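Structure assessment
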Amino acid sequence: AAGVIQSPRHLIKEKRETATLKCYPIPRHDTVYWYQQGPGQDPQFLISFYEKMQSDKGSIPDRFSAQQFSDYHSELNMSSLELGDSALYFCASSITGTSGNTIYFGEGSWLTVV
Amino acid sequence: AQSVTQLDSQVPVFEEAPVELRCNYSSSVSVYLFWYVQYPNQGLQLLLKYLSGSTLVKGINGFEAEFNKSQTSFHLRKPSVHISDTAEYFCAVRRGSSNTGKLIFGQGTTLQVKP
């Protein structure tokens with residue numbers, strides 16, 4: 001079965017540079033979530049989209065922005081990168097209409113800021 | 001607001017022994033509860049979930065969990081662990097009234113299975 005696809009899987013950037021992460025949800029899934037997991041930490045919710053509209057916002061820095069496109073894929077844009085942005089970034093997706101619907105996670109994108 | 005507390009950061013156990021990973025949650029509204037597993041350098045995989053009904057839920061890889069509303073707990077158990085169960089386990093909660101609500105994770109428990 002198709003899963004959540006994230007790209008790139010690994011990314012190395014220098015401080016103050018910009019990075020863009022892409023996420024392709026499971027087909028027919030209409031909700032996308034972004035999480036950030038620092039080393040040895042639990043995943044922290046950043047932002048979510050439902051039907052291309054922002055549905056919730058968590059601890060996402062102002063330097064970050066995200067959107068969901070008409071084909072439901074999503075992109076997380078990170079500017080003025082800092083060393084502390086080094087983390088594993090997860091995208092996840094789910095489909096509404098079913099109570100307690102499961103949220104499925106991608107394999108993650110490793111961002112290293114040097 | 002919801003929150004999750006995993007009471008043990010690390011749980012060492014010998015192979016074939018039983019294990020329990022503890023999870024408590026806090027919420028003023030009804031919630032759905034989940035356990036995810038993360039193997040080294042991999043993504044998050046759903047082990048099991050509690051939505052409603054029977055308080056004992058069974059998941060993949062022989063894991064099960066019991067929802068206890070009075071104690072606001074959702075402990076994960078396995079009667080006999082394998083070396084391959086070594087991983088990070090996350091308990092998570094989601095608001096029960098929302099189909100687009102985010103997951104809130106606990107701090108994680110590292111299960112270390114020793115031969």
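Please read these numbers as outputs of a predicted model, since none were measured by experiment. (Residues numbered from 1 in each chain as written. Chains lettered and ligands numbered in written order. Predicted model: local features only at pLDDT ≥ 70, side-chain atom pairs only at ≥ 80, totals over all residues. Heavy atoms only, no water.)

Things to note about the side chain of glutamine 36 of chain A
Residues and elements named next belong to chain A. Test applied: The helix and strand labels rest on DSSP assignments: H or I over at least four residues marks a helix, E over at least two residues marks a strand, and numbering proceeds from the N terminus. For the purposes of these results, a polar contact is taken to be a pair of N or O atoms within 3.5 Å, where, inside protein, one atom must be able to donate a hydrogen and its partner to accept one; residues adjacent in sequence count only when each atom of the pair is a side-chain atom. Only heavy atoms enter the contact rule, under which two residues are in contact if any of them lie within 4.5 Å.
With respect to the secondary-structure elements, glutamine 36 resides in strand β4 (residues 31–37). Side-chain polar atoms of glutamine 36 contact the side chain of tyrosine 89, separated by 2.8 Å. Among residues more than four places away in sequence, those in contact with glutamine 36 are Asp42, Pro43, Gln44, Leu46, Phe64, Asp85, Ala87, Leu88 and Tyr89.

Quick notes on the state of the cysteines
We apply this condition: When the sulfur atoms of two cysteines come within 2.5 Å, that pair is taken as a disulfide. The classification of residues rests on relative accessible area computed with a 1.4 Å probe and restricted to protein chains. Under 20% of the type maximum is buried, over 50% is exposed, and intermediate values are partly exposed.
In this structure the tally under the stated criterion is 2 disulfides over all chains. Across the disulfide, cysteine 23 of chain A is cross-linked to cysteine 91 of chain A (sulfur-sulfur distance 1.7 Å). Its S-S torsion of about -60° marks the bond between cysteine 23 of chain A and cysteine 91 of chain A as left-handed, since a negative value means left-handed. Placement of cysteine 23 of chain A in strand β3 (residues 19–24) and of cysteine 91 of chain A in strand β9 (residues 87–94) is noted, with a sequence separation of 68 residues between them. As far as burial versus exposure is concerned, cysteine 23 of chain A and cysteine 91 of chain A are alike and both buried. Disulfide pairing places cysteine 23 of chain B opposite cysteine 91 of chain B at an S-S distance of 2.0 Å.

Examining the interface of chain A and chain B
Here is the rule we go by: As a working definition, buried area equals the accessible area (1.4 Å probe) given up by two parts on being put together, with both sides summed. In what follows, salt bridge is the name for a side-chain nitrogen of Lys or Arg lying within 4 Å of a carboxyl oxygen of Asp or Glu. Residues are sorted three ways: Asp, Glu, Lys and Arg are charged, Ala, Val, Leu, Ile, Met, Phe, Trp, Tyr, Cys and Pro are nonpolar, and all the rest, Gly among them, are polar.
Contacts between the two partners involve 25 residues from chain A, matched on the other side by 21 residues from chain B. Taken over both partners, the interface formed by chain A and chain B buries close to 1800 Å², and the fraction arising from carbon and sulfur atoms is 51%. At the boundary of chain A and chain B, one finds 1 salt bridge. Taking the shortest distance from any N to any O, the salt bridge between lysine 102 of chain B and aspartate 56 of chain A comes out at 2.9 Å. Taken together, chain A and chain B are joined by 7 residue pairs in polar contact (both at pLDDT 80 or more). Elements supplying a minimum of two residues to the side of chain A that touches chain B: β4, β5 (44–50) and β9 of chain A. The element that contributes the greatest number of residues to the side of chain A that touches chain B is β4 of chain A, accounting for 4 residues. Among the residues forming the side of chain A that touches chain B, the class breakdown is 10 nonpolar, 12 polar and 3 charged.

Quick notes on the nonpolar core
Our working rule: In this description, a nonpolar core means a group of buried Ala, Val, Leu, Ile, Met, Phe, Trp, Tyr and Cys residues linked to one another through side-chain atoms lying within 4.5 Å.
Trp35, Leu48, Phe74, Leu76 and Tyr89 of chain B are the most contacted members of the largest nonpolar core, which has 28 residues in total. Not counting residues up to four positions away in its chain, the partners in contact with phenylalanine 74 of chain B are Cys23, Leu33, Phe34, Trp35, Leu48, Lys49, Tyr50, Val57, Ala65, Glu66, Phe67 and Cys91 of chain B. Among the nonpolar cores identified, the runner-up in size contains 22 residues, and Leu11, Val32, Phe64 and Tyr89 of chain A belong to it.

Looking at the packing of aromatic side chains
All names here are of chain A. To keep things clear, this is the line we draw: The criterion for an aromatic pair is that two Phe, Tyr or Trp rings (for Trp, the six-membered ring) have centres within 6.5 Å, with stacked assigned to planes under 30 degrees apart, edge-to-face to planes over 60 apart and tilted to the rest.
For the structure on display, the rule yields 14 aromatic pairs over all chains. Arranged with centres 6.0 Å apart and planes meeting at 90°, the rings of phenylalanine 90 and phenylalanine 105 form a pair that is edge-to-face. Note that phenylalanine 90 is positioned in strand β9 and phenylalanine 105 in strand β10 (residues 104–105), a separation of 15 residues in sequence. Like phenylalanine 90, the residue phenylalanine 105 is buried in the burial classification.

Topic: the sheet that holds β3 of chain A
Residues and elements named next belong to chain A. As a reminder of what qualifies: Here a strand pair is declared whenever DSSP counts at least two bridges between the two strands. Angles here are taken between N-to-C directions and fall from 0 to 180 degrees, while the axes themselves are lines fitted to C-alpha atoms, restricted in helices to the stretch in contact.
Strands sit in the order β1-β3-β8-β7 across an open sheet of 4 strands; the sheet is antiparallel. Unpaired on one side and paired on the other, β1 (5–7) and β7 (64–68) mark the two borders of the sheet. Strand-to-strand twist across the sheet, computed as the mean angle between neighbouring axes with direction ignored, equals 15°. In the sheet, β7 pairs with strand β8 (residues 74–78) via 5 bridges, with the strands oriented antiparallel. Among the inter-strand pairings, glutamine 67 is bridged to a residue of β8, identified as glutamate 75.

Section: the side chain of serine 73 of chain B
For serine 73 of chain B, the position within the fold is in strand β9 (residues 73–78). Contacts of serine 73 of chain B, omitting those with residues within four sequence positions, involve Cys23, Asn24, Tyr25, Glu66, Phe67 and Asn68 of chain B.

With respect to the pattern of salt bridges
Note that side chains of opposite charge can pair when their charged atoms are close. Residues and elements named next belong to chain B. Enumeration according to the criterion identifies 8 salt bridges over all chains in this entry. In this structure, glutamate 64 engages lysine 58 in a salt bridge whose closest nitrogen and oxygen atoms are separated by 2.8 Å. Using a relative accessible area of 62% as the deciding quantity, one classes lysine 58 as exposed. The salt bridge partner of glutamate 66 is arginine 77, with a shortest N-O separation of 3.4 Å.

Brief notes about the pairing of β7 of chain A
Side-chain positions along a regular strand alternate between the two faces of the sheet. Where burial is concerned, the two faces of β7 of chain A differ: the one with Phe64, Ala66 and Gln68 of chain A is buried and the one with Ser65 and Gln67 of chain A is not. Turn length for the β7 of chain A-β8 of chain A hairpin, with the two strands adjacent in sequence and antiparallel, is 5 residues, and the turn residue tyrosine 72 of chain A shows positive phi of about 75°.

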